[in-house]
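Reading the structure
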Amino acid sequence: HDLIKRLGFLKICAERSLKMAEFVTRADLKDDIEKKDVDVVKYIVEYLSLYGETFSENLKFSFSNNNEQLSKKFSVLNLSIILDNLISNAVKWDANKIQIDFEKVNDKQLLIFFSDNGRGLSEKFIKNSEKIFELSVRDVPPSGYSGSGIGLFYTKNLLNEMNCDIEFLGNKKVLSGATFKITINTI
């Protein structure tokens, strides 16, 4: 039974890699790696809409306040990696719905609330949730595939390089699973 689950997860990862390769070949990769001015909200909505179609029929995305706008100069490839890491973690913890809420604070700051309906952050880390952003910190999700413990570490580092940040807000804040707050700063 565990072997079937693991093989299923590997199949999903292989399909995702293939779809991401298709996605990348549609665009000029050099443009994605280099920093450019992009409307963060529009990019995330378009990326996740495409992702939803290519990743899994069972994974659904919903958005609120996605008419907000905030332009920032950044590498869209890095933002894609950040989103992929968050989605991957949500799916590992049994999520099939992800809700993204945008809240523009002012002309220089945007908050993004990333929530899922999975099992949420395990009790092991609830009291010290900052620990999940450290290298090699991980837990074993129901899928049995625990990963390497670098996803959230890498996510936080990529955001910090962009003068942005991420924090865990709690379980059952929006949906039944975990909610993360990403702060996008334009300066």
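Each remark here, short or long, concerns the structure printed above.
Description of the structure in this document. (Residues numbered from 1 in each chain as written. Predicted model: local features only at pLDDT ≥ 70, side-chain atom pairs only at ≥ 80, totals over all residues. Heavy atoms only, no water.)

What to know about the packing of aromatic side chains
Counted by the stated rule, this structure contains two aromatic pairs. For the pair Tyr43 and Tyr47, a centre-to-centre distance of 5.8 Å together with 20° between the ring planes defines the contact as stacked. Of this pair, Tyr43 and Tyr47 are both found in helix α3 (residues 40-55), four residues apart, which corresponds to roughly one turn of the helix. Neither Tyr43 nor Tyr47 differs from the other in exposure class; each is buried. (Phe/Tyr/Trp six-rings, centres within 6.5 Å; stacked < 30°, edge-to-face > 60°. Helix = DSSP H or I, 4+ residues; strand = E, 2+ residues; numbered from the N terminus. Buried < 20%, exposed > 50% of the residue type's maximum accessible area, 1.4 Å probe, protein only.)

Considering the sheet that holds strand β6 (residues 165-171)
Strand pairing within a sheet occurs via backbone hydrogen bonds; the two strands may be parallel or antiparallel. What the five strands build is an open sheet, ordered β2-β4-β5-β7-β6; its pairing is mixed. Each having just a single partner strand, β2 (60-64) and β6 make up the two edges of the open sheet. Between one strand axis and the next, the sheet turns by 20° as a mean value, whatever way the strands run. Judged from the five bridges that link them, β2 and strand β4 (residues 97-106) form a sheet pairing that is parallel. Bridged to Ser62 within β4 is Gln99. Its contacts with the sheet put helix α4 (residues 76-92) on β2, β4, β5 (109-116), β6 and β7 (178-185), and the angle it makes with β5 is roughly 25°. This element, helix α6 (residues 151-161), spans β6 and β7 of the sheet and lies at about 135° to β6. (Pairing = 2+ DSSP bridges. Axes fitted to C-alpha atoms, helices over the stretch in contact; angles between N-to-C directions. Contact = heavy atoms within 4.5 Å.)

Some points on the packing of α4 against α6
Packed helices, taken two at a time, are described by their axes: the angle between them and the distance between them. Contact pair α4 / α6: the axes reach a minimum separation of 9 Å and the direction vectors enclose 150°. Relative to α6, α4 is oriented roughly antiparallel. Considering how the two elements wind past one another, α4 and α6 form a crossing that is left-handed. Across from Asn78, Ile81, Ile82, Asn85, Leu86 and Asn89 in α4, the residues of α6 making contact are Gly151, Leu152, Tyr154, Thr155, Leu158 and Leu159. Per-class residue counts for the contact of α4 with α6 are seven nonpolar, five polar and no charged. (Parallel < 35°, antiparallel > 145°, perpendicular 65-115°, else oblique. Left-handed = near helix turned anticlockwise from the far one by under 90°. Nonpolar A, V, L, I, M, F, W, Y, C, P; charged D, E, K, R; others polar.)

Examining the pairing of β6
Across six bridges, the pairing between β6 and β7 is antiparallel. Each residue of the ladder has a partner; that of Phe168, found in β7, is Phe180. Hairpin connection of β6 to β7: six residues between the antiparallel strands, including Lys172 at a positive phi of 60°.

Considerations on the side chain of Ser80
Checked against the element boundaries, Ser80 lands in helix α4. Look at Ser80 and you get buried, because its relative accessible area is 4%. Here the side chain of Ser80 touches Val76 through a polar contact of 2.8 Å, landing on its backbone oxygen. Excluding its chain neighbours within four sequence positions, the residues that come into contact with Ser80 are Tyr43 and Tyr47. (Polar contact = N/O pair within 3.5 Å; in protein donor to acceptor, adjacent residues only side chain to side chain.)

As for the nonpolar core
Counting 42 residues, the largest nonpolar core has Ile112, Phe180 and Ile184 as the members making the most contacts within it. Of the residues forming this core, the biggest block, eight residues, is contributed by α4. When neighbours within four sequence positions are excluded, Ile184 is seen to be in contact with Val40, Leu70, Lys72, Lys108, Gln109, Leu110, Ile112, Leu159 and Cys164. (Core = buried A, V, L, I, M, F, W, Y, C linked by side-chain atoms within 4.5 Å.)

A word on α6
Of the residues making up α6, those classed as buried are Leu152, Thr155, Lys156, Leu158 and Leu159. Buried residues along α6 cover an arc of 165° about the axis, so they all sit on one side. Where α6 is buried, its residues touch α4, β6 and β7. (Arc of directions from axis to C-beta.)

Some thoughts on the environment of Leu152
For Leu152, the location among the structural elements is in helix α6. Along the chain, Leu152 and Phe133 lie 19 residues apart, while their C-alpha atoms are 5.1 Å from each other. Beyond its immediate chain neighbours, meaning those up to four positions away, Leu152 contacts Leu86, Asn89, Ile132, Phe133 and Phe180.

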